[in-house]
Amino acid sequence: MTENKCYAPWDIELELSSSRPVDGISEAGELNVSTVQMEAEIDKKNTENKALCDCIHGSLHDKEHSPLMRAVLCGSVCKVYRFPAEDQRWLLVREQMSETPLSFSLPRQLLGMLSLEYSSRAQEVMALHGLSAHMEELRCDIISRCDHMTRCYQETLQQLETLSAVSNFKASSSKSERHLQFVPTNLHTQRMEVTSRDSAGVWYDVTTFGAPAEHHQGFKQGGLRRLMSKVNTNTCASYSLEERSRARVLLQNVSRLQPLVFGLAEELLSRSLEPCAALLQPVLDDLTSQMEEFVHCLKDELVKEALVAEHKQTAARCIYTCNGNLSSDSSANQESRASDGQLDVSRPKEEYDEDQWDTVWANVGKSLNCIIAMVDRLKAKQQSPKPSAPPDTSPHNSSNEPSSPSSLVSWQEQLLPLVVTLRDCVREAVSKANAAMTYVLLRGAAADTVEQGSETLVQRRHAVFSQAITAVTNTFVLKLYNGLEDADFLQQLHTVGILAQFEGLLSTFGDELGMLEDMEMAVADLKKVAFVLIEGKSDQSEDLLPTLTGTWDSLVVNVPLPPENFSPLPQELREGRLIQLQPVFFNIGINQQQTLAERFGDSSLQEILNQESCERLRAYCNQLQDKLPHMANSETLPQLLSGLESCVEAKRRKNVEVLWLAATVCRKVNGLRLTSCKSAKDRTAMSVTLEQCVLLKEKHGLDSQHFSAALDTMRREGCRLENVQKNIGCRKFAFSGVQLLAFPKHYKPPDGTYGHAQT
């Protein structure tokens, strides 16, 4: 039995039964609510208290122990408060902080997916042959890097599988450990349920986690934004996933059709030994059909584009090599070699004629037309009336009389050169098409593997993305569970997608600037993520865990629902309509390091991020207004957006109003809320407790006179101080009195709750 002293004229005791301790914090089991004996004369208030307690007790058992919640929440810590509201009412508030099994589950799945992707890419590149010396060198480089990445990720995956068997939590003190870089730091779901006479259990959720950043590699050279800007921009053609898919299909079709065409051409020659049009026509029809499909494949503009790109790259390498040779030779040697004809000082090859490829595939069609025309002439000659002149015994006799041996040779002799020409044209077309599509696949593999920078840079990007997608998936699942009975929300999901608003409290100075650059890239990469709802095998927790499918460039998170929850969904969602994720990221530094950045450093990155996010947020709201006007007809939404834009443009120091307005807009459009600082302990605690009290005041009538006291109570007695204990083993926020002088007004903890060194 632990006593929770709350700001209220009565105490609430929480009895937490637990099966195991988690870093000194007991896992929440049953919650028994009991009240200290009140004055006997206040019968009416006692009745209200009992009703509130019964309501929250029922909420715990009905919701928190459902299969849906057990699939994504675990290791919960719970606090209960009673706060005075306006009109002499009382608010019963339950604050809950929970871990999630997804902390390790999704990173493990992503590592497995990436390992398979690199392994498949290496196998695909291994199968490419007939390459130039430069392309062969590139092929070997791709294979080497893919093998290295596969080994690294498989090793990390094995380590995470071992750790996940004993824990669902990565403490802030472990944020620099190499094998934990794919796991989000200090990931928790912060939930608040508000119960009063007028409302029975209203939930507010926000996910808190350490800013997705690669602490093992560190930030001496900056974060992903700076590091990727240093990677040499490759001038070679880059090909999308769709183009690479077309290249694979074209290669498969060409490989399939070439032997069919050659086989039919050979059969045509074989049947021409007997001068009978009826025998030739079926083979010719089949040949024509296969050739039409073959020519249709060759007419893909991607082939021409790839041939031009390959020629330009070869020409560029010739210039580079030629200039290198010229600079290394003495002028006397250059003159001597030029006079002997050994040195070509002229420019490299002329530009590739784009019409050359059109001529190649057109020749394939023309060669077939020549065969068709020849067969028609032979058939016409065979069907022509027999002349009155003496029988022609020449080898070119085409009468219907029994043919002589010389006439048997005649048809084959006339078709043979045309068939040879057809084969030559097909071989040339196949050779160029194979070269072009091989170039597309190799350049695509190089763009994914070699040209993104070093292996450490690619791993950094994958790691911070893993942290971000784990946090946002956990947030989405809880939002979905709470909105399964909201028809408008479900319609919004398959019509305009879901908004995810990331709130950052990082400074733009020192290491935290590098963290901000990492987080920026992690959030930006979430644009390629979509959710899809699927029917779970059962209502067991292990069957309701989200799974990942797709590729790094197009990732889908499959969210299972129990059959009883899946069947009532709108048809679009039941049929697998993708739910697009729309991420935005607002950051305002609030600590003493931000003071240094604003006075002596540079806050331009923060300004750029907030401006871009403001534009994307308005675009999402406009889309919601256009497609679902009944959900965006609130008069306050345009005013909030205008106020947010004004705050962002004002560029005032530590303007936390930007964060407040962005969060308000997010909640109005049913968005996902996520809050981060360096490790989600201290500044994050100030933010989420402030947000909770603001919601109590604006949505539930918390008495304004008691706002500050309620805020101090949550920070002194609430879940966030338990979070600090859980991470560093101390129940004090990592602030000093001097540091807090630089903090905005409502982001300072009460006396006695701070003073521990930062971790």
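My aim in this report is to walk through the structure given alongside it, one point at a time.

Conventions used here
- Just so you know, the residues in each chain are numbered from 1, in the order the chain's sequence is written.
- Residues qualify for local features only when their pLDDT is at least 70, as the model is predicted, and side-chain atom pairs are given and counted only at 80 or more; totals for whole chains, interfaces and linings, by contrast, use all residues.
- Just so you know, side-chain values use all the structure's heavy atoms and leave hydrogens and water out.
- Working definition: helices are DSSP H or I runs of at least four residues, strands are E runs of at least two. Numbering for both runs from the N terminus.
- The span one expects for a helix is its residue count, reduced by one, times 1.5 Å.
- Residue contacts are defined here by distance: any two heavy atoms, one from each residue, within 4.5 Å place the two residues in contact.
- Partly exposed residues are those whose accessible area sits between 20% and 50% of the maximum for their type, while under 20% is buried and over 50% is exposed, using a 1.4 Å probe and protein chains only.
- Pairing between two strands requires that DSSP report at least two bridges joining them.
- Angular values range over 0 to 180 degrees, each being the angle between N-to-C directions of two axes fitted as lines to C-alpha atoms, with helices fitted over their stretch in contact.
- Geometry of aromatic contacts follows a simple scheme: Phe, Tyr and Trp rings, the Trp one being its six-membered ring, pair when their centres are within 6.5 Å, and the pair is stacked under 30 degrees between planes, edge-to-face over 60, tilted otherwise.
- Geometrically, a lysine NZ or arginine CZ counts as sitting over a ring once it is within 6 Å of the ring centre and also within 35 degrees of the ring normal.

1. Observations regarding helix α19 (residues 636–650)
So, step 1. An ideal rise of 1.5 Å per residue puts 21 Å on 15 residues; α19 measures up with 21 Å between its terminal C-alpha atoms.
So, step 2. Close packing links the buried residues of α19 with β14 (579–587), α18 (604–627) and α20 (657–668).
So, step 3. Once α19 finishes, Lys651 follows within two positions and takes phi at roughly 55°, a positive value.

2. Quick notes on helix α12 (residues 455–482)
So, step 1. In this model, α12 (28 residues) spans 41 Å end to end at C-alpha, consistent with the 40 Å of a helix rising 1.5 Å per residue.
So, step 2. Within α12, 24 of the 28 residues are buried, which leaves the element mostly enclosed by the surrounding structure.

3. Structural notes on the sheet that holds strand β12 (residues 547–551)
So, step 1. Taken in spatial order, the 10 strands of this open sheet run β6-β7-β8-β9-β15-β10-β14-β11-β13-β12, and their pairing is mixed. The open sheet has two edge strands with one neighbour each: β6 (74–84) and β12. In this sheet, neighbouring strand axes are inclined to one another by 25° on average, regardless of whether the strands run parallel or antiparallel.
So, step 2. With 2 bridges joining them, strand β11 (residues 529–535) and β14 adopt antiparallel strand pairing.

4. A few points about the packing of aromatic side chains
So, step 1. Using the criterion set out here, one finds 9 aromatic pairs in the structure.
So, step 2. Aromatic rings pair up to connect Tyr118, Tyr153 and Phe182 into one cluster.
So, step 3. Between Arg191 and the ring centre of Trp203, over which it is positioned, the NZ or CZ distance is 4.1 Å.
So, step 4. Taking the ring centre of Phe465 as reference, the NZ or CZ of Lys528 above it sits at 5.4 Å.

5. Structural notes on unusual backbone geometry
So, step 1. Positioned with a positive phi, Asn186 is a non-glycine residue whose angle comes to about 50°.
So, step 2. Assignment of secondary structure puts Asn186 in the loop between α4 (133–164) and β8 (188–195).
So, step 3. Despite not being glycine, Lys651 has its phi angle at roughly 55°, a positive value.
So, step 4. Among the secondary structure elements, Lys651 is positioned in the loop between α19 and α20.

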